[in-house]
Amino acid sequence: MRQGLLAALLLGAAGLALAQSVALTGVSGNKALIVVDGGAPRFVTAGQVHQGVRVLAVQGDTATIEVQGRRQSLRVGEDPVSHGRDHAPSEGARRVVITADSRGHFLPPGQINGRAVQFMVDTGASQVVIGEPEARRLGLPFEKGTKVQVSTANGNVVGHQLQLDTVRVGEAQVFAVSAIVLPQPMPYVLLGNSFLTRFQLQRTNDQLTLDKK
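A short tour of the structure in this document, coming up. Predicted model, so just to flag it, every value in this text is computed and none were measured. Residue positions are given per chain, counting from 1 as you read along its sequence in written order. Since the coordinates come from a predicted model, pLDDT governs what is reported: local features require at least 70, and pairs of side-chain atoms require 80 or more to be given and counted, while whole-chain, interface and lining totals use all residues. Note: side-chain values were computed over all heavy atoms of the structure, leaving out hydrogens and water.

**Side note on the pattern of salt bridges**
Thought 1: By definition here, a salt bridge exists when the distance from a side-chain nitrogen of Lys or Arg to a carboxyl oxygen of Asp or Glu is within 4 Å. For the structure shown, the criterion picks out 6 salt bridges.
Thought 2: Residues Asp101 and Arg103 are paired through a salt bridge, measuring 3.5 Å at the closest nitrogen-oxygen approach.
Thought 3: The network of salt bridges with common partners includes Glu132, Arg136 and Glu143.

In structure tokens, the structure reads:
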């Protein structure tokens, strides 16, 4: 019995040690929608613990958490906070299934560098394409990127090429994804082939399945 208790304590401690990052993606009353180590979002009520992360309080768009005895305030949409990186970051699920909208477009919600975005799947785009206003909201240092000539429906424009740390759709996460920031605003972030080529794509009726290679 003592051995079983010791094993349980060791497993609990290991779970705390492995926690890398925590992001707040939404709130509902006294519940915080948190993402731990790039996993699936989970609603956690104030006072509860999820994967070693205790939610202490939720107020407005902010949540106070405790990890490994340290308190931290999180705000919806802000970058994840880190608590040690003792192992490689999780890539999450190997398969994503996206359902088309009434116009036949695939518009999955997702994240770039831990920040929420609205994607549109575009197999004709060579890279992930982001409008400048959205890039500024995400805090991307695109102006330090490489200037590139991009042909658009409105003619040639100068964009900035950079590398995104992470791009996430559903429970699948990809690292080091090339992207281009265009000067004009865009209604969606185009999910292009710098992300899509990491997957095998198969469309069946109104569903698009992405299987990790």
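**Some thoughts on the sheet that holds strand 5 (residues 53-59)**
Thought 1: With antiparallel pairing, 4 strands are arranged side by side in an open sheet as 4-5-6-7. Looking at which strands have only one partner, the edges of the open sheet turn out to be strand 4 (49-50) and strand 7 (70-75).
Thought 2: One ladder, built from 2 bridges, connects strand 4 with strand 5; its direction is antiparallel. Pairing of His50 across the sheet is with Val53, part of strand 5. One requirement defines pairing of two strands: DSSP has to find at least two bridges between them. The helix count covers DSSP runs of H or I at least four residues long, the strand count covers runs of E at least two residues long, and both are numbered beginning at the N terminus.

**Details of the nonpolar core**
Thought 1: Throughout, nonpolar core names a set of buried Ala, Val, Leu, Ile, Met, Phe, Trp, Tyr and Cys residues whose side chains join them through atoms within 4.5 Å. A simple rule labels every residue: compare its accessible area, found with a 1.4 Å probe on the protein chains alone, to the largest value its type can have, and call it buried under 20%, exposed over 50%, or partly exposed in between. Core analysis: the largest hydrophobic core is formed by 30 residues, its most contacted members being Val128, Ile130, Leu164, Leu191 and Phe195.
Thought 2: What Val128 contacts, discounting residues up to four positions off in sequence, is Leu164, Val177, Ser178, Ala179, Ile180, Val189, Leu190, Leu191, Gly192, Ser194 and Phe195.
Thought 3: Within the second largest apolar cluster, 13 residues are counted, among which are Ala32, Val36, Val58 and Ile65. Note on contacts: a residue pair qualifies if any of its non-hydrogen atoms lie within 4.5 Å across the two residues.

**Some details on the environment of Val35**
Thought 1: On the secondary structure map, Val35 appears in strand 2 (residues 31-36).
Thought 2: Val35 gets classed as buried once you look at its relative accessible area, which sits at 4%.
Thought 3: The residues touching Val35, leaving out its near neighbours within four places in the chain, are Ser21, Val22, Ala23, Thr25, Pro41 and Gln111.

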